[in-house]
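Coordinates in review
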Amino acid sequence: FWVHAINSVVVGLDIFCGRYEVRLVHYVYVLGYGILYVVWSVIHYEAKIGTESGTTYIYKALDWSPGKAGSAAVTSAIVLFVVGPICVLVLWLVLALREALHRSAHP
């Protein structure tokens with residue numbers, strides 16, 4: 001958790017402090033990467049590549065074993081089509097706030 005959380009905070013600060021432009025249509029990049037990651041997790045499981053802990057899945061939520069594949073598919077769909085758009089929307093709103101603050105400070 002902390003590895004992802006710290007990375008997200010650092011990237012968020014970099015985006016907020018920089019002059020990045022984000023449009024809502026940029027969600028297609030999030031969706032594309034997410035789909036590739038889900039496909040890779042299936043390949044990883046089916047090829048039995050394994051992890052350091054000895055499991056064949058990357059994350060427990062992406063366990064594609066019989067009886068758990070449905071749950072992994074639902075989790076993937078929720079992340080791709082609910083969480084992803086919400087994250088892009090929040091980023092867009094934060095950057096809109098940044099622009100509004102900039103305009104008010106430099107009329």
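I will try to describe carefully the structure that is included in this document. In this text, all values refer to a predicted model and were calculated from it rather than measured experimentally. (Residues numbered from 1 in each chain as written. Predicted model: local features only at pLDDT ≥ 70, side-chain atom pairs only at ≥ 80, totals over all residues. Heavy atoms only, no water.)

1. Details of the overall build of the protein
Scanning the protein from N- to C-terminus turns up 3 helices and 0 strands. Helices and strands appear in the protein in the N-to-C order α-α-α. Here the protein has a C-alpha radius of gyration of 18 Å; the compact-globule value for 107 residues is 13 Å, and the former is much larger. Along the first, second and third principal axes, the C-alpha atoms of the protein reach 60 × 25 × 15 Å. When each of the 107 residues of the protein is scored for burial, the buried share is 21%. Put simply, 52% of the contacts in the protein that link residues at least 6 apart link residues at least 24 apart. For the protein, the accessible area works out to roughly 7900 Å², and carbon and sulfur atoms hold 73% of it. (Helix = DSSP H or I, 4+ residues; strand = E, 2+ residues; numbered from the N terminus. Rg over C-alpha atoms; globule rule 2.2 N^0.38 Å. Buried < 20%, exposed > 50% of the residue type's maximum accessible area, 1.4 Å probe, protein only. Contact = heavy atoms within 4.5 Å. Areas by Shrake-Rupley, 256 points an atom, 1.4 Å probe, with all protein chains shown as cover.)

2. With respect to unusual backbone geometry
Look at Lys 48: it is not a glycine, yet its phi comes out positive at around 55°. Among the secondary structure elements, Lys 48 is positioned in the loop between α2 (27-46) and α3 (69-105).

3. Some details on the pattern of salt bridges
Summed over the entire model, instances satisfying the criterion amount to 4 salt bridges. Two residues, Arg 19 and Glu 99, come together in a salt bridge whose shortest N-O distance is 3.2 Å. Placement of the pair is Arg 19 in the loop between α1 (2-17) and α2 and Glu 99 in helix α3, with a sequence separation of 80 residues. Judged by relative accessible area, Glu 99 falls into the partly exposed class, the value being 22%. Measuring nitrogen to oxygen at the nearest pair gives 2.9 Å for the salt bridge that ties Glu 99 to Arg 98. (Salt bridge = Lys/Arg side-chain N within 4 Å of Asp/Glu carboxyl O.)

4. What to know about the side chain of Arg 98
For Arg 98, the location among the structural elements is in helix α3. Note on Arg 98: relative accessible area 9%, which makes it buried. Beyond its immediate sequence surroundings of up to four residues, Arg 98 is in contact with Ile 15, Phe 16, Gly 18, Arg 19 and Tyr 20.

5. Regarding the nonpolar core
With 9 residues, the main nonpolar core is built from Tyr 27, Leu 31, Val 38, Tyr 45, Leu 62, Trp 64, Ala 72, Leu 80 and Val 88. Residue assignment for this core shows that the elements contributing at least two residues are α2 and α3. Leaving out residues up to four positions away in the same chain, Leu 80 has contacts with Tyr 27, Leu 31, Gly 34, Ile 35, Val 38 and Pro 85. (Core = buried A, V, L, I, M, F, W, Y, C linked by side-chain atoms within 4.5 Å.)

6. A look at a nonpolar patch on the surface
A contiguous nonpolar patch, built from Phe 16, Val 74, Ile 78, Val 79, Phe 81, Val 82, Val 83, Ile 86, Val 90, Val 94, Leu 97 and Leu 101 and spanning about 1000 Å² of accessible area, is present on the exposed surface. Ranked by residues supplied to the nonpolar patch, first place goes to α3 with 11 residues. Within the secondary structure, Phe 16 is located in helix α1. (Patch = residues over 30% accessible without salt bridge, like charges linked within 9 Å, V, L, I, M, F, W, Y side chains within 5 Å.)

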